Amino acid sequence: MKKILLLVISSVVVLFGGGDIRYVVSDMHAYAMKKGNANLLIEYLKMNDMLDIFHLKQKELGSSSHYGAIGDMKGYGIGGVYGLSDKTLLHLKYSKQDIGYGAGTLENDHINSYIRYQITHSDFAMINATAVDIGIVVNRAHDLSYSDNRYLEPLATKFLHVKSTKITKNDKGKYRIDLIHSDGTDDYFFNLTQKPAILLKDMEDRSFFVRAIGEKKITNDLYVALFLAYRKTSIKSTITVNDEIYKIAKYLNYNARKSLDRDESRISGGFNISLDWLKMGWELTYTYSRYDRDEGLDYIKTNHVIDAVLSRKITKNILAYSGAKFMYRQFNGEIPYLYNKYTQTTFDHKYGYVKFGLIYRF
């Protein structure tokens, strides 16, 4: 009997081993890393028509010409995990995403960091390992300007609470804005020397979260983890107009600078499956999230996210991987500051992107 137990405990496979897991791409595990072990990850993110294998852009966004339409995306990420002790690890990842957003490009900086503590570990328990994460997620964007009439006019109509907005330019290069109210009356700004623009400024969100994870070792090659998380998010952003219009609007008693600051909370849960098969690592993570937001911001309350990755060893210490991320309600909750009372009706679309990367194991 003792020989059998020793054989089980000492068994190792290509990706996983003993009381800890040699993390691949997914970090959704309850097992800890050994003290001093580390993974460094570098990845490239991309979405365009050529890589849109499920035709999500064409089906979901192809006819969208509104200011909140999501288009192509490119980006990169760098990060890793480090075993602080045999029960504690540190995760840190930074990524940059350039996303087609209306007529412009949204440049988003993303940081995800947490500390994980393994609470229990037993090869003979129903749940072989449990852990808890405490962390922070930050998104921050460069200011974004809308000056194309296709996007500016509908956004201005919502922003200024009027029936319709019309922007024209005369032969002297001066601009005119007509605001039609629901009662048919008309306000107008004329002889504008600056091209009219609506600006999204100071876009940022900070989230603090706690997450519980339980993991089961089904076989030496198959691990299944379940997780449940609570996240509290503080969002800051401002919508305004260019200086010339702002001065005129203020004189005419239009509120042309509005704060979109708010807080929201999220409960999410899901599972991760990690499989070593055919000398490759197969990983699938599913997450369901539900959001609690202020009154009037409940058009889209949920999201489903699937993250799938296939990895393979190149050398003893280097792995290459490719994968894809699918979001049922695009970046709802993934980039919280994007969701507000002016954009919430644009989130009823699917979106996804592919990723390629390398992992170096220390």
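Source: prediction; values computed, not measured.

1. Considerations on the overall build of the protein
Next up, step 1: On a plain count of helices and strands, the protein comes out with four helices and 19 strands.
Next up, step 2: Evaluated residue by residue, the protein yields a buried proportion of 49% over its 362 residues.
Next up, step 3: The contacts of the protein with a sequence gap of at least 6 include a subset with a gap of at least 24, amounting to 65%.
Next up, step 4: Carbon and sulfur atoms form 59% of the exposed surface of the protein, whose accessible area is close to 18200 Å².

2. Here we look at a nonpolar patch on the surface
Next up, step 1: A cluster of nonpolar residues, L40, I42, I78, Y360 and F362, forms a patch on the protein surface that exposes about 460 Å² of accessible area.
Next up, step 2: Assignment of secondary structure puts F362 in the segment after β19 (351–361).
Next up, step 3: Assessed through its relative accessible area of 55%, F362 is described here as exposed.

3. Considerations on a negative patch on the surface
Next up, step 1: A surface patch of like charges, here negative, comprises D143, D202, D261, D263, D292, D294, E295 and D298.
Next up, step 2: Looking at the element boundaries, D294 is found in the loop between β16 (280–292) and β17 (302–313).

4. Some points on unusual backbone geometry
Next up, step 1: With phi around 55°, H161 is a residue other than glycine that occupies positive phi space.
Next up, step 2: Mapping H161 onto the fold places it in the loop between α3 (149–159) and β9 (164–169).
Next up, step 3: H161 sits in the exposed class, given a relative accessible area of 59%.

5. Digging into the side chain of S274
Next up, step 1: In this structure, S274 sits in strand β15 (residues 262–277).
Next up, step 2: Separated by 3.1 Å, the side chains of S274 and N272 make a polar contact.

6. As for the packing of aromatic side chains
Next up, step 1: In the structure shown here, the tally under the stated rule is 11 aromatic pairs.
Next up, step 2: Pairing W277 with W282 gives two aromatic rings, centres 5.6 Å apart and planes at 45°, and the pair type is tilted.
Next up, step 3: With a relative accessible area of 30%, W282 lands in the partly exposed category.
Next up, step 4: For the pair F331 and Y351, a centre-to-centre distance of 5.4 Å together with 45° between the ring planes defines the contact as tilted. Here F331 is found in the loop between β18 (318–327) and β19, whereas its partner Y351 is found in strand β19, with 20 residues between them in sequence.
Next up, step 5: Take F331: its relative accessible area is 2%, and that puts it in the buried class.
Next up, step 6: The lysine or arginine in question, R211, covers the ring of Y114, its NZ or CZ lying 5.1 Å from the ring centre.

7. Quick word on the confidence of the model for the protein
Next up, step 1: Averaged over the protein, the pLDDT score is 86; the fraction of residues at 70 or greater is 88%.
Next up, step 2: Here residues 1–18 scores under 50 on pLDDT; set against residues more than four positions off or in separate chains, the count is 27 contacts.

8. Regarding the side chain of H110
Next up, step 1: Relative to the assigned elements, H110 resides in strand β6 (residues 104–121).
Next up, step 2: In this structure the side chain of H110 is engaged in a polar contact, spanning 2.9 Å, whose partner is the side chain of N139.
Next up, step 3: What H110 contacts, discounting residues up to four positions off in sequence, is K93, Y94, S95, Q97, V137, V138 and N139.

9. Considering the pairing of strand β13 (residues 222–241)
Next up, step 1: Pairing geometry for strand β12 (residues 198–219) and β13, over 19 bridges, is antiparallel. Following the sheet pairing, L200 is matched in β13 by I239.
Next up, step 2: As consecutive antiparallel partners, β12 and β13 are separated by two residues.
Next up, step 3: As judged from the 14 bridges shared by β13 and β15, these two strands associate in the antiparallel manner. Following the sheet pairing, S234 is matched in β15 by D263.
Next up, step 4: As defined by bridge partners, β13 adjoins strand β14 (residues 257–259) across three bridges and the pair is classed as antiparallel.

10. A look at the nonpolar core
Next up, step 1: L106 and F331 are the most contacted members of the largest nonpolar core, which totals 47 residues.
Next up, step 2: With five residues, α3 is the largest single contributor of residues to this core.
Next up, step 3: Other than its neighbours up to four places away in sequence, L106 contacts Q97, D98, I99, Y101, A141, L144, M203, Y337 and L338.
Next up, step 4: In terms of nonpolar packing, the next biggest core, distinct from the first, is built from nine residues, A129, A131, Y223 and F227 among them.

11. What about the environment of S113?
Next up, step 1: With respect to the secondary-structure elements, S113 resides in strand β6.
Next up, step 2: Assessed through its relative accessible area of 17%, S113 is described here as buried.
Next up, step 3: As for S113 and I136, which are separated by 23 residues in sequence, their C-alpha atoms are 5.5 Å apart.
Next up, step 4: Not counting residues within four places of it along the chain, the set of residues in contact with S113 comprises L90, H91, L92, G135, I136 and F209.
Next up, step 5: Side-chain polar atoms of S113 contact the backbone oxygen of H91, separated by 3.2 Å.

12. Here we look at the pattern of salt bridges
Next up, step 1: Within the structure shown, the criterion is met by 13 salt bridges.
Next up, step 2: We note a salt bridge from R293 to E264, for which the minimum N-O separation is 2.7 Å. Of the two residues, R293 sits in the loop between β16 and β17 while E264 sits in strand β15, which places them 29 residues apart along the sequence.
Next up, step 3: You can call R293 buried: its relative accessible area is 11%.
Next up, step 4: Linking K325 and E334 is a salt bridge whose minimum nitrogen-to-oxygen distance equals 2.9 Å.
Next up, step 5: Several salt bridges share partner residues, and in doing so they unite K96, D98 and E107 into one network.

Parameters and conventions
- Residues numbered from 1 in each chain as written.
- Predicted model: local features only at pLDDT ≥ 70, side-chain atom pairs only at ≥ 80, totals over all residues.
- Heavy atoms only, no water.
- Helix = DSSP H or I, 4+ residues; strand = E, 2+ residues; numbered from the N terminus.
- Buried < 20%, exposed > 50% of the residue type's maximum accessible area, 1.4 Å probe, protein only.
- Contact = heavy atoms within 4.5 Å.
- Areas by Shrake-Rupley, 256 points an atom, 1.4 Å probe, with all protein chains shown as cover.
- Patch = residues over 30% accessible without salt bridge, like charges linked within 9 Å, V, L, I, M, F, W, Y side chains within 5 Å.
- Salt bridge = Lys/Arg side-chain N within 4 Å of Asp/Glu carboxyl O.
- Lys, Arg positive; Asp, Glu negative; His and termini not counted.
- Charge placed at Lys NZ, Arg CZ, Asp CG, Glu CD.
- Polar contact = N/O pair within 3.5 Å; in protein donor to acceptor, adjacent residues only side chain to side chain.
- Phe/Tyr/Trp six-rings, centres within 6.5 Å; stacked < 30°, edge-to-face > 60°.
- Lys NZ or Arg CZ within 6 Å of the ring centre and 35° of its normal.
- pLDDT = per-residue confidence, 0-100.
- Pairing = 2+ DSSP bridges.
- Core = buried A, V, L, I, M, F, W, Y, C linked by side-chain atoms within 4.5 Å.

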